[in-house]
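Topology and contacts: notes
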Amino acid sequence: MSSPLVSRQVVFADRDVIELAQASVPEPGRDDVLVRVALVGICATDLHLLAGHIGDPFPLVPGHEFVGEVAAIGENAAAVRGLSVGDHVAVEMLLPCRSCARCREGRYNLCERDDMAAGLPFGRQYGVNIPRTVSPGLWGGYAEYLHAPADAIVHRLPADLPWERAVLVEPLAVASRAVARGRVRPGENVAVIGPGPVGLLIAAAARAAGAGRVVMIGTRAQRLGLAGRFGADAVVNSRETDDLAGAVREAFGDTLPDVVIEIAGVAAAQQDAVRLVRRGGRVVLAGACGAAVPVTFHADEDLLTREPDIVPSFLSAGGFEPAIALLSRGEFPFETLVTHRFGLDEVADAFALIRDRSDGVIKAVLDPRTTQKETRR
Ligand SMILES: [Zn+2]
Ligand SMILES: [Zn+2]
């Protein structure tokens, strides 16, 4: 880089305050990668952040579903990572410390380090809880540039993977982890509760894992209508039945599923997940319900006498490798999930669209290079 770079960024300055700002971009140090963001997905988490539902992250550059290309790279980073300028990459949202007990056992999504008091972002998440005040302030994907230090987990993406497909890598990695946590074996029946973008991707990941029958359960007819294209054999609209267990049993051919994966992020769906799985089956709770939502179960009827394994699945650890492979294979029409594209100056419009669930929106993305709205179907 010859002339000093600046990065346009969206900043959540405070609760419900969106600003457009610029940050200067330092030359990357020996161990650093500077990523030019190509596309960043808008996640429901981002709306919760702006509303102040998650921690106290302000001022924050949001965005954790980013893909882009290497804009500049330090010489150590280039050697260690085998990357060079122009390579397409994805950076995992969690910045692990790589030294705590959880990191060392491979569960870096549970990294126990938190040195924010010392200004160190390890154990924190890009676009969620690394404030912009931490140097160099390039910690979110709603921006032109992003900083990846030595400990960041950077994945190379195939150069021929179109950005509109690649931008789904983080939600698909979340989906892949949820399926892995459910230990879905070939031939096993899987129910997915919550046909949002990640739910549809879970259906695809379960199908790719060799699931026998996959059934999508939800309340929104439009999204249930997409499930078949992402590997579901049948759908159940829980609003259209008084006997959900009966409808699910019927959809699986008179049996209950071996695995139920919940991604709706509401307490009732988590209760349904436990009640709909077969005796001794596995339940994966992957939906974020928001702060302090209690979920209650019947100790004997739901749990003790039915002995389900109930495992939460948090973030995407270990999920990027299968996600990149699945995106590359092209078995599912992933890019059709990206229904809307906005510029950095249109975040408020994009959030309103998502909040109102209008215009058939499934996944909206930001393109940091454009400022003109270009609505796609
Ligand atoms: Zn997300
Ligand atoms: Zn750690």
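Residues numbered from 1 in each chain as written. Chains lettered and ligands numbered in written order. Predicted model: local features only at pLDDT ≥ 70, side-chain atom pairs only at ≥ 80, totals over all residues. Heavy atoms only, no water.

A few words now on the coordination of the zinc ion (ligand 2). Here the zinc ion (ligand 2) is held by the protein donor atoms Cys97 (SG), Cys100 (SG), Cys103 (SG) and Cys111 (SG), which lie 2.3 to 2.4 Å from it. In this structure, the zinc ion (ligand 2) is surrounded by 4 donor atoms whose angles at the metal cover 104 to 119°, and the resulting shape is tetrahedral. Written as a sequence motif, the donor arrangement for the zinc ion (ligand 2) is C-x2-C-x2-C-x7-C. Residue Cys97 is found in the loop between β6 (94-95) and α3 (101-104), and its partner Cys111 is found in the loop between α3 and β7 (124-125); the two are separated by 14 residues along the sequence. (Donors = N, O, S within 2.8 Å, 3.2 Å for Na, K, Ca; no water. Tetrahedral: all angles 85-135°; square planar, octahedral: opposite > 155°, others 65-115°. Helix = DSSP H or I, 4+ residues; strand = E, 2+ residues; numbered from the N terminus.)

Quick look at empty space enclosed by the protein now. Taken as a whole and judged by the stated rule, the model has 1 cavity of 30 Å³ or more. Its volume calculated, the largest cavity comes out at about 40 Å³. Its residues placed into classes, the lining of the largest cavity shows 5 nonpolar, 2 polar and 1 charged. (1 Å grid on protein atoms, 1.4 Å probe; cavity = no way out; pocket = protein on both sides within 12 Å on 5 of 7 lines; lining within 4 Å. Points joined across faces, edges and corners; volume = space filled by probe spheres on them. Nonpolar A, V, L, I, M, F, W, Y, C, P; charged D, E, K, R; others polar.)

Here the focus is the domain arrangement of the chain. Under the domain assignment used here, the chain contains domain 1 (5-167 + 333-375) and domain 2 (175-312). Across the contact, 12 residues belong to domain 1 and 13 residues belong to domain 2. Approximately 1,100 Å² of surface area, both sides summed, lies buried where domain 1 meets domain 2, with 59% of it carried by carbon and sulfur atoms. The largest share of the area that domain 1 buries against domain 2 comes from Pro333, Leu337 and Ile362, three residues that together contribute 42% of it. Remark: the boundary between domain 1 and domain 2 carries 0 salt bridges. Linking domain 1 to domain 2 there are 2 residue pairs in polar contact (both at pLDDT 80 or more). Across the side of domain 1 that touches domain 2, the residue classes break down as 5 nonpolar, 4 polar and 3 charged. (Domains from an automatic or database assignment. Contact = heavy atoms within 4.5 Å. Buried area = accessible area lost by both parts, 1.4 Å probe. Salt bridge = Lys/Arg side-chain N within 4 Å of Asp/Glu carboxyl O. Polar contact = N/O pair within 3.5 Å; in protein donor to acceptor, adjacent residues only side chain to side chain.)

Okay, the pairing of strand β17 (residues 363-366) next. Burial along β17 is two-sided: the residues Lys363 and Val365 and Ala364 and Leu366 are all buried. Pairing geometry for strand β3 (residues 33-41) and β17, over 2 bridges, is antiparallel. Paired with Gly41 across the strands is Val365, a residue of β17. The sheet contact formed by strand β16 (residues 338-342) and β17 spans 4 bridges and is parallel. Residue pairing for β17: His340 is matched across the bridge by Ala364. (Buried < 20%, exposed > 50% of the residue type's maximum accessible area, 1.4 Å probe, protein only. Pairing = 2+ DSSP bridges.)

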